[in-house]
Amino acid sequence: MLLENNAEVNKPSKTSKTPFALCFQRLHEETMSYENKKLCFRMAEVLLEYGADINWIANKAEGHTFLMDFCASLRETLSKSKKKMILEAMKFLIEKGASKEIRSLSDLTCLDMAKESPYRKEIIAIFQETEVVPKKTLKRARCKPLAFDIGKIQEELDRDRI
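A brief look at the structure comes next. (Residues numbered from 1 in each chain as written. Predicted model: local features only at pLDDT ≥ 70, side-chain atom pairs only at ≥ 80, totals over all residues. Heavy atoms only, no water.)

**Points about the overall build of the chain**
And step 1. Of the regular secondary structure elements, the chain holds 7 helices and 2 strands.
And step 2. Across the 162 residues that make up the chain, the buried fraction comes to 34%.
And step 3. For the chain, the proportion of contacts with a sequence separation of at least 24, taken over those separated by at least 6, is 67%.
And step 4. Carbon and sulfur atoms form 54% of the exposed surface of the chain, whose accessible area is close to 10,100 Å². (Helix = DSSP H or I, 4+ residues; strand = E, 2+ residues; numbered from the N terminus. Buried < 20%, exposed > 50% of the residue type's maximum accessible area, 1.4 Å probe, protein only. Contact = heavy atoms within 4.5 Å. Areas by Shrake-Rupley, 256 points an atom, 1.4 Å probe, with all protein chains shown as cover.)

Pasting the structure below:
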């Protein structure tokens, strides 16, 4: 409803979080991780359609974009499920146009961070194999209403889970 009425999709909260950044907080919840991932990615897609900045500096102290923050979190050993979730989020961001070339305040790119990771082969494979999907951005003047069919979403979740 807010997007239909031209809400500012890149306006940060008092804690400097944009709506796009808040979508990814769902990935940190351990319960219902599959559903949280699906919801996170769908909300992020909608925000991107309305002009959300995928390369927003999410971590001001380090100068990290969302993609860089995920790369940095893979510098340590994680559980298999957590690692898988982060790699999927990174692939999603790259497909949607996140830049791998931006440099942090420490002058590191995502590739530089990947080289310090125990999962460097998997990260580099994602960087090399993932292609950017053409972006579709809605024009503010021609915004179409959002429609969610809860039954259809539940069917998709049930089908994908099997």
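Moving on from the model shown.
**Some points on the environment of Lys 96**
And step 1. As for its position among the elements, Lys 96 is in the loop between helix 4 (80–95) and helix 5 (110–114).
And step 2. Considered as a pair, Lys 96 and Pro 134 are 38 residues apart in the sequence and their alpha carbons are 7.6 Å apart.
And step 3. Beyond its immediate stretch of four places on either side in the chain, Lys 96 contacts Glu 45, Leu 48 and Ile 54.

**Digging into the packing of helix 3 (residues 66–73) against helix 4**
Between two packed helices, what matters for the description is the angle formed by their axes and the separation of those axes.
And step 1. Between helix 3 and helix 4, the least distance of the axes is 10 Å, while the angle of their chain directions is 155 degrees. In terms of axis orientation, helix 3 runs roughly antiparallel to helix 4. The chirality of how helix 3 crosses helix 4 is left-handed. Residues Phe 66, Leu 67, Phe 70, Cys 71 and Ser 73 of helix 3 touch helix 4, and the partners they reach there are Ile 86, Ala 89, Met 90, Leu 93 and Ile 94. (Axes fitted to C-alpha atoms, helices over the stretch in contact; angles between N-to-C directions. Parallel < 35°, antiparallel > 145°, perpendicular 65-115°, else oblique. Left-handed = near helix turned anticlockwise from the far one by under 90°.)

**A look at unusual backbone geometry**
And step 1. A positive phi angle, close to 65 degrees, is found at Asp 107, a residue other than glycine.
And step 2. By the secondary structure assignment, Asp 107 is in the loop between helix 4 and helix 5.
And step 3. By relative accessible area, which is 47% here, Asp 107 ends up partly exposed.

**Notes on helix 2 (residues 33–49)**
And step 1. Relative to the 24 Å expected for 17 residues at 1.5 Å per residue, helix 2 spans 24 Å between its end C-alpha atoms, a close match to the ideal helical length.
And step 2. Those residues of helix 2 that sit buried are Glu 35, Asn 36, Lys 37, Cys 40, Phe 41, Ala 44, Val 46, Leu 47, Leu 48 and Glu 49.
And step 3. Among the residues trailing helix 2, Gly 51 stands out with phi positive, at a value near 100 degrees. (Expected span 1.5 Å × (residues − 1).)

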